[in-house]
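Fold and contact review
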Amino acid sequence: MNKPASVPEQFDAVVVGAGFSGLYMLYRLRQLGLSVKVLDSAGDVGGTWYWNRYPGARCDIPTTDYTYSFDPELEKEWTWSEKYATQPEILEYLRFAADRLGLRPDIEFSVTVTSARWDEPEKRWTITTDGGQEIRCRYYIMATGCLSMPKSPDIEGAGRFAGRVYLTSRWPHEGADFTGQRVAVIGTGSSGIQSIPLIARQARRLTVFQRTPNFSIPAHNGPAPADRLERLAEDRDEYRDAARWSRGGVPIDPTDILGGTASEAVRRERFEAAWEQGELFGILNVFADQGVNPAANDIVAEMIREKIRSIVTDPGIAEALCPKDHYFGTKRPCLDTGYFETYDLPHVQLVDLRKQPIVSITEEGIETADESFGFDAIVYATGFDAMTGALVAADAAGRDGVSLKEKWAAGPSTYLGLMTTGFPNFFMLTGPGSPSVLSNMTVSIEQHVDWVAGCLENMRDEGLETIEPTALAEAGWNQHVQDCAAITLHPTANSWYMGANVPGKPRVFLPYIGGVNAYRQACDEVAAQGYLGFRLTGPGEDRCRDGVIRRMQPDVAMVLEFMAAAGMPPLETLSAADARALLAVTAEARPPGPEVGEVTDGVIPGPSGHLPYRLYRPAGPSEGLRPLVMYFHGGGWVLGNLDSDDPLCRDLCARSGAVVVSVNYRHAPEVRFPAAALDAFAAVQWADANAIELGGIPGQLAVAGWSAGANVAAVACQLARGAEGPHISGQLLVCPVVDSDMTRPSYTENGDGYILTTALMRWFWDHYADPADRGDPRAAPLHGNLEGLPEACIVTADFDPLRDEGVAYARALEAAGVPVRLVRARGHTHTSVTMVGVVISGAPVRAEIGEALGDFFPAP
Ligand code: NA7
């Protein structure tokens, strides 16, 4: 019932949407004693399950898991009839839940929110509906769903067709009867793939217009999976908890088998088992690396393509149905029942829009570049303006009158996918930047609702009125969301996850791919740290603990977790010999690094005996001369050798196109300061004198090193300048040791927990140099004369105790007139940038390093 606009209704909270999330949110808010109004433009509860009534519509997560878990009693009272329930059954379930929890009195149906604005003095939202109603509330909660705003038809002439038009996402309640009709289906996403076999049963002729073939596996629908039912019967709470702390919101055993190294038999067995199981998270878990490694992904993709070829009789049609333009899983894979089999039916035709694009919809049908088709009905299965569409459409304007649409013009920006700056007390359930569509939605919905309820309860208890994220926290989270996506294959696809399906929509990865478990952990930590990154206000209160919840690159964090779990003893507790032996063992398990043209070992005459070296020649013509880079390995002057930095040297060689010569200088404690530095200088002199024999262009010589290797490289530059030769074109210093002062803030911040610790650095110094020598520029080049040194590229890592001395060296060089390129390895540790083939996020940093190395020399 609409009230006059002059007398706005007042509630503590307004929730938009009465699907899975809106219903549970209402339930939790009521428990807090808040007054709540839920608004929905539908005629009943159900959300996406109210609208998506097309034939064959089902969930693609097993019903054992696609269900509310917050109330064991509710669970007991409902039994799903199938492994993947149909839309009518899911809708029935949500009706049951709404009734059983007595939610309906607080829900108003057939009402669309047209706008909302934040009233700063009143600290309230004013919401306007299509009926002219005004509602005021303190908390405004969007339970609008991720796939609820249909994509507007973006096909020429879409309005002209004279026959019946259907949208899978707005299917008529009375259903559709295609008996005897000529039907077109446009779109082969999940909605198309689910509906096509059923429409084919009725239609006289069915023509499917496919722009992108999609990966689909058989759902093998039937009774709910016995193994899951058993686990639930045994210990429901344990099962639900396992789901909450799983990667995708469904308990599975994540594999550690890698596609690249598994035997053919293992690959086949794992794939066939997943194919038979018919579960999304199963087929996405054939190999641990299929989401990040193109080669592993292609093994799964090709096995699916083999299946398609074995199902579809006509080889031409089979090939057209085989997805080849995106990695498996980077677009939402589908579960089907007889989809590919449908194309064997004589009255079903596939039109490949890549070969003959649609020119226009006409009054009679569809005209492609090659043919005109006549139809009685056209079904658009063309998808959604996913994740942001419904949020933006509700037209909320925040504190400064800026709308969400304006704020998100370049892509959504959120803190935890829950809130966004400038919009106080505005919550998004499963918003962009949260796991949402990459997870079992019901688990992610419950987690979000519980977090919001916990937050509001805390605010009530503390007498607070508003909450809003800070710009710093939000920017940090956006960065983390993109960092997580960047190490996967996902951003390569034109998917709706990327916003790529909607013309003009910014291309940004929308959901959080770091996992339901990692995400829950982050949200819990934010709350436990007094709502880190949020500003909370109330009468006489204005509190804010600003900060960023995840600054580390996600794969770096994984490596640290892995190493912590492996329980390696701290190196500084070992003898030098034992520490060397331990590192040699761990190095054996590494990927080898990229192929280069040639690798040869040799010896250099050092100041006191021979020094072994390894030369890396880039691929390409072997006769031409290249710039020469003398490389010095890391290891605190104590550890490391030609093998330890072999993958990094290959990487530097492949990226820079230079000949890289890695030199094994003498180590401490056997030979102490300044032996390592003198060896490095001798190696540089020797390389200069023997450039042509090494394949180097005379006069084009640079030095490079990592950690203590960067220390001796920097010292070699100073010694060469002092000795008036040889000429060095540039110095690449990756996380260099340039000082023995351990009091800089980066030592305080990163001195423990990131592999290179303060204790280990002290151990290195103690092995290498007497305290009296540690200020000598040959040990601490920061204290040397820096004038006239070669241009430098200095790499510093955020989580490195040596970060600040690297920055100090860069600044000091600049002050001395030396050109410096300072590369910040954001979210990295002292070691992670060098972990070639392990830490994917290091690759862009190494690309920049390779470019910097190339820039030391004149263009070829
Ligand atoms: P999707 O997955 O976005 O699929 C839409 C399909 O429609 C897809 O094949 C699109 O091809 C196609 N499409 C979209 N626009 C056009 C135009 N203009 N011309 C031709 N073809 C077009 O939506 P669904 O509803 O199937 O599924 C959404 C999710 O709901 C699903 O993943 C499940 O999680 C539940 P494209 O790939 O863009 O080339």
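Check the entry above for the structure.
One structure accompanies this document, and this report is about it. (Residues numbered from 1 in each chain as written. Predicted model: local features only at pLDDT ≥ 70, side-chain atom pairs only at ≥ 80, totals over all residues. Heavy atoms only, no water.)

**With respect to the pattern of salt bridges**
Let me state the cut-off plainly: Between Lys or Arg on one side and Asp or Glu on the other, a salt bridge is scored when a side-chain nitrogen of the former is within 4 Å of a carboxyl oxygen of the latter. Each helix is a run of H or I in the DSSP string that is no shorter than four residues. Each strand is a run of E no shorter than two, and both are numbered from the N terminus. When accessible area is computed with a 1.4 Å probe and restricted to protein chains, residues below 20% of their type maximum are described as buried, those above 50% as exposed, and intermediate ones as partly exposed.
Using the criterion set out here, one finds 64 salt bridges in the structure. The salt bridge partner of Arg614 is Asp646, with a shortest N-O separation of 3.3 Å. Of this pair, Arg614 sits in strand β23 (residues 609-617) while Asp646 sits in helix α20 (residues 646-656), placing them 32 residues apart in sequence. Neither residue differs from the other here; Arg614 and Asp646 are each classed as buried.

**Some thoughts on the packing of helix α6 (residues 226-234) against helix α7 (residues 236-244)**
As a reminder of what qualifies: Each axis is a line fitted through C-alpha atoms, taken for helices only over the stretch in contact, and angles between the N-to-C directions span 0 to 180 degrees. When an angle is under 35 degrees it counts as roughly parallel; over 145 it counts as roughly antiparallel; between 65 and 115 it counts as roughly perpendicular; any other value is oblique. Contact criterion: two residues are considered in contact whenever any of their non-hydrogen atoms come within 4.5 Å of each other. Classification used: nonpolar for Ala, Val, Leu, Ile, Met, Phe, Trp, Tyr, Cys and Pro, charged for Asp, Glu, Lys and Arg, polar for all others including Gly.
One way to put it is that α6 packs onto α7 with a least axis distance of 5 Å and a crossing angle of 120 degrees. Judged on the interaxial angle alone, α7 and α6 are oblique. Between α6 and α7, the residues in contact are Arg228, Arg231, Leu232 and Glu234 and Arg236, Glu238, Tyr239, Arg240 and Ala242, respectively. Here the residues of the contact of α6 with α7 sort into three nonpolar, no polar and six charged.

**Digging into the site of the ligand**
To keep things clear, this is the line we draw: Here a residue is considered near a molecule or strand provided that any single heavy atom belonging to it is located within 4 Å of it. We call two N or O atoms a polar contact when they sit within 3.5 Å, provided that within protein one can donate a hydrogen and the other can accept it, with sequence-adjacent residues counted only if both atoms are side-chain atoms. Surface accessibility follows the Shrake-Rupley procedure with a 1.4 Å probe radius. Residue values consider only the protein chains on display as shielding.
The full set close to the ligand counts 21 residues, and Lys151, Asp154, Ser191, Thr212 and Lys331 are the nearest of them. A distance of 2.9 Å separates an oxygen atom of the ligand from a polar backbone atom of Ser190. Ala381 places a main-chain nitrogen or oxygen 3.2 Å from an oxygen atom of the ligand. Contact with the protein chains covers 88% of the free accessible surface of the ligand, which is 770 Å². Taken together, the residues that form the shell around the ligand break down as seven nonpolar, eight polar and six charged.

**Regarding the packing of aromatic side chains**
Stated precisely, the cut-off is as follows: Aromatic pairs are defined between Phe, Tyr and Trp rings, using the six-membered ring for Trp, whenever the two ring centres lie within 6.5 Å; interplanar angles under 30 degrees are classed as stacked, those over 60 as edge-to-face, and all others as tilted. Two thresholds decide whether a charge sits over a ring: the Lys NZ or Arg CZ must be within 6 Å of the ring centre and within 35 degrees of the ring normal.
Counted according to the given criterion, the structure contains 48 aromatic pairs. Taken together, a centroid distance of 5.7 Å and an interplanar angle of 40 degrees make the contact between Trp125 and Phe426 tilted. With a gap of 301 residues between them, Trp125 in strand β5 (residues 124-129) and Phe426 in strand β18 (residues 426-428) connect regions that are remote in the sequence. Pair check on accessibility: Trp125 and Phe426 agree, each one buried. Both rings, one in Tyr531 and one in Phe534, keep their centres 6.3 Å apart while their planes meet at 65 degrees; by these two values the pair is edge-to-face. The class of Phe534 is buried, set by a relative accessible area of 0%. Through a chain of ring-to-ring contacts, three or more aromatic side chains come together here, namely Phe20, Tyr24, Tyr27, Trp49, Tyr66, Tyr68, Phe70, Trp78, Trp80, Tyr93 and Phe96. Sitting over the face of the ring of Trp245, Arg520 holds its NZ or CZ atom 5.6 Å from the ring centroid.

**Considerations on the pairing of strand β22 (residues 598-606)**
Applicable threshold: One requirement defines pairing of two strands: DSSP has to find at least two bridges between them.
In this sheet, β23 lies alongside β22 in antiparallel orientation, the contact comprising nine bridges. From the neighbouring strand, Thr600 faces β23, where its bridge partner is Leu615. Remark: two residues form the turn of the hairpin made by β22 and β23, two consecutive strands paired antiparallel.

Function cannot be inferred from these measures alone, as they are strictly geometric.
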